[in-house]
Amino acid sequence: MSTPDRMVAGSQRRQVRERVLGLLYEAEVKGVEMAELLASLELPLDPYAHALASGAAQHQGEIDGRLEELSDRWPVARMPALDRAILRMASFELGHRAEVSVAVIINEAVELAQEYSTPASAAFVNGLLSQVAAAVRPAGSE
């Protein structure tokens, strides 16, 4: 049986995560609940994208708390909005999608940060997600 991440090939997986990044960002900027945003979409969302977007939104408090704890004196509210969206999506995957490898999740997040956020974002996202991974997936659990 294939895993959800393997069912979505490399470039498609990237497109799914880009779509989720856009949705998380849109929901935050517009100040709307993810469920409301998802309900307003004209076309149905890929099942994995739906799971990522709704999961990251449902667990946002838990995710933000962990990010605050691990991001040495850098409050989540001060992070660029795109970085927050990337970190929330990847943190959800790390904590709730054990079938997806840590390396895939972090690499995809870093690539999204390089493409869509600030010049320093990729290193910041990489470092913080490495800490999240260590906290939610102890060595040997993958």
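None of these values were measured; they are calculated from a predicted model.

Criteria and cut-off values
Residues numbered from 1 in each chain as written. Predicted model: local features only at pLDDT ≥ 70, side-chain atom pairs only at ≥ 80, totals over all residues. Heavy atoms only, no water. Helix = DSSP H or I, 4+ residues; strand = E, 2+ residues; numbered from the N terminus. Rg over C-alpha atoms; globule rule 2.2 N^0.38 Å. Salt bridge = Lys/Arg side-chain N within 4 Å of Asp/Glu carboxyl O. Buried < 20%, exposed > 50% of the residue type's maximum accessible area, 1.4 Å probe, protein only.

J.: Would you mind going over the overall build of the chain in detail, with residue names and values included?
T.: What the chain contains, in helices and strands, is eight helices and zero strands. When the helices and strands of the chain are read in sequence order from the N terminus, they spell out α-α-α-α-α-α-α-α. Relative to the 2.2 N^0.38 estimate, which gives 14 Å for 142 residues, the radius of gyration of the chain is 14 Å and therefore close to what a compact globule would have. Projected onto its principal axes, the C-alpha coordinates of the chain cover approximately 40 × 40 × 25 Å.

J.: I'd love a proper account of the pattern of salt bridges, names of residues and values included.
T.: All told, the structure shown has twelve salt bridges when counted by the stated rule. Here Arg17 ties to Glu93 by a salt bridge, and the two come within 2.7 Å at their closest N and O atoms. Taken as a pair, Arg17 in helix 2 (residues 10-30) and Glu93 in helix 6 (residues 81-96) lie far apart in primary sequence, 76 residues in all. The exposure class assigned to Glu93 is buried, which follows from its relative accessible area of 1%. Between Asp72 and Arg73 there is a salt bridge; the shortest N-O distance is 2.9 Å. Each member of the pair Asp72 and Arg73 is classed as exposed. Taken together, the shared-partner salt bridges connect Arg14, Glu18, Glu111 and Glu115 into one network.

J.: A description of unusual backbone geometry should follow, citing residues and the corresponding values.
T.: With a phi angle near 60°, Arg73 is a residue other than glycine that sits in the positive phi range. Mapped onto the elements of the fold, Arg73 is located in the loop between helix 5 (60-70) and helix 6. What makes Arg73 exposed here is its relative accessible area of 72%.

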